[in-house]
Amino acid sequence: HDAAAARYETLLTRFPSSPHVVRAALERAMTLFAAGRYAEAAVQCRAIDPSVSEMDRVLWIQAVCAAQLGEDDQAVQFYQTLANRFPASEWVPEALYRVGDLLRERGDEKNASDAFRIVFERYPQNPLAPKALFAAAYSASRTNRLEEAIRDWGLLLERFSDHPLAGDALFQKAMTEARLSRYEQALETFGVLLRRFPDSPYAGEARYWRGVFLETAGRIDAAL
């Protein structure tokens, strides 16, 4: 990659009117990016003709470079520009997911939840959709948007019942139902978790909380 980047730089410097200049600028940005030279790749991206056919890739590279350089606000802007300008691009589902991640990292759980949900709503067949839906629910729960969290965990269980996150979603849904004092619903959800995923890492906790809720409801025999 380093050698290729050097060759492209030679072409761009020595033959600025070459018909290959537009493509060479893009290829140099891609090789610098692949080499992990993010600051240089970002600079090269700014020199690319904006009419290039792979502008969605350019925006992706700019976004990732900004994130790698700690420029999170700029990264979010590039990801969102990519999503707005090229909604059919292969890069967009992950771009929107990364927006959610960046927002969550800086404590903006509300907007993170909304960003994650957009991934599911716009790209429900994408492999990231169930993960995004779980993340949307989790961020919603952390901002006390409990009804939204329960809705999204329920939607994940409905649409992606066999996904590896299904067990986690059942546990989180039950605990959120309990936060709303919906103990019967929580008991039912814990029951589904224990039947479907008896070896879940949450199984022990689920049994404990089932016992607590049954005891609270006066169903001592069932709690034992």
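Residues numbered from 1 in each chain as written. Predicted model: local features only at pLDDT ≥ 70, side-chain atom pairs only at ≥ 80, totals over all residues. Heavy atoms only, no water.

Colleague: Hey, could you run me through the overall build of the chain in this one?
Modeller: If you tally the helices and strands in the chain, you get 13 helices and 0 strands. Seen in sequence order, the chain has helices and strands lined up from the N terminus as α-α-α-α-α-α-α-α-α-α-α-α-α. Computed over the C-alpha atoms, the radius of gyration of the chain is 24 Å, more than 25% above the 17 Å expected from 2.2 N^0.38 for a compact globule of 224 residues. Dimensions of the chain along its principal axes, counting C-alpha atoms only, are 85 × 30 × 30 Å. (Helix = DSSP H or I, 4+ residues; strand = E, 2+ residues; numbered from the N terminus. Rg over C-alpha atoms; globule rule 2.2 N^0.38 Å.)

Colleague: Whenever I open this one, the packing of helix α2 (residues 21-34) against helix α3 (residues 38-45) confuses me. Can you help?
Modeller: Think of two packed helices as two axes; the pair is described by the angle between the axes and how far apart they sit. Taken N-terminus to C-terminus, the directions of α2 and α3 make an angle of 165°; their axes are 8 Å apart at the nearest point. The angle between the axes of α2 and α3 places the two elements in the roughly antiparallel class. In this structure, α2 meets α3 at a crossing whose hand is left-handed. Residues Ala 25, Arg 28, Ala 29, Leu 32 and Phe 33 of α2 pack against Tyr 38, Glu 40, Ala 41, Gln 44 and Cys 45 of α3. Tallied by class, the residues present in the contact of α2 with α3 amount to 7 nonpolar, 1 polar and 2 charged. (Axes fitted to C-alpha atoms, helices over the stretch in contact; angles between N-to-C directions. Parallel < 35°, antiparallel > 145°, perpendicular 65-115°, else oblique. Left-handed = near helix turned anticlockwise from the far one by under 90°. Contact = heavy atoms within 4.5 Å. Nonpolar A, V, L, I, M, F, W, Y, C, P; charged D, E, K, R; others polar.)

Colleague: I keep staring at the packing of helix α7 (residues 109-122) against helix α8 (residues 129-142) and nothing clicks. Help me out?
Modeller: The interhelical angle for the contact between α7 and α8, taken along N-to-C directions, is 155°, at an axis separation of 8 Å. As judged from the angle between their axes, α7 and α8 are roughly antiparallel. The two elements α7 and α8 cross, and the hand of that crossing is left-handed. Contact with α7, carried on its side by Glu 109, Ala 112, Ser 113, Phe 116, Arg 117, Val 119 and Phe 120, involves Ala 129, Ala 132, Leu 133, Ala 135, Ala 136, Ser 139, Ala 140 and Arg 142 of α8 and no other residues of that element. Here the residues of the contact of α7 with α8 are counted per class, giving 10 nonpolar, 2 polar and 3 charged.

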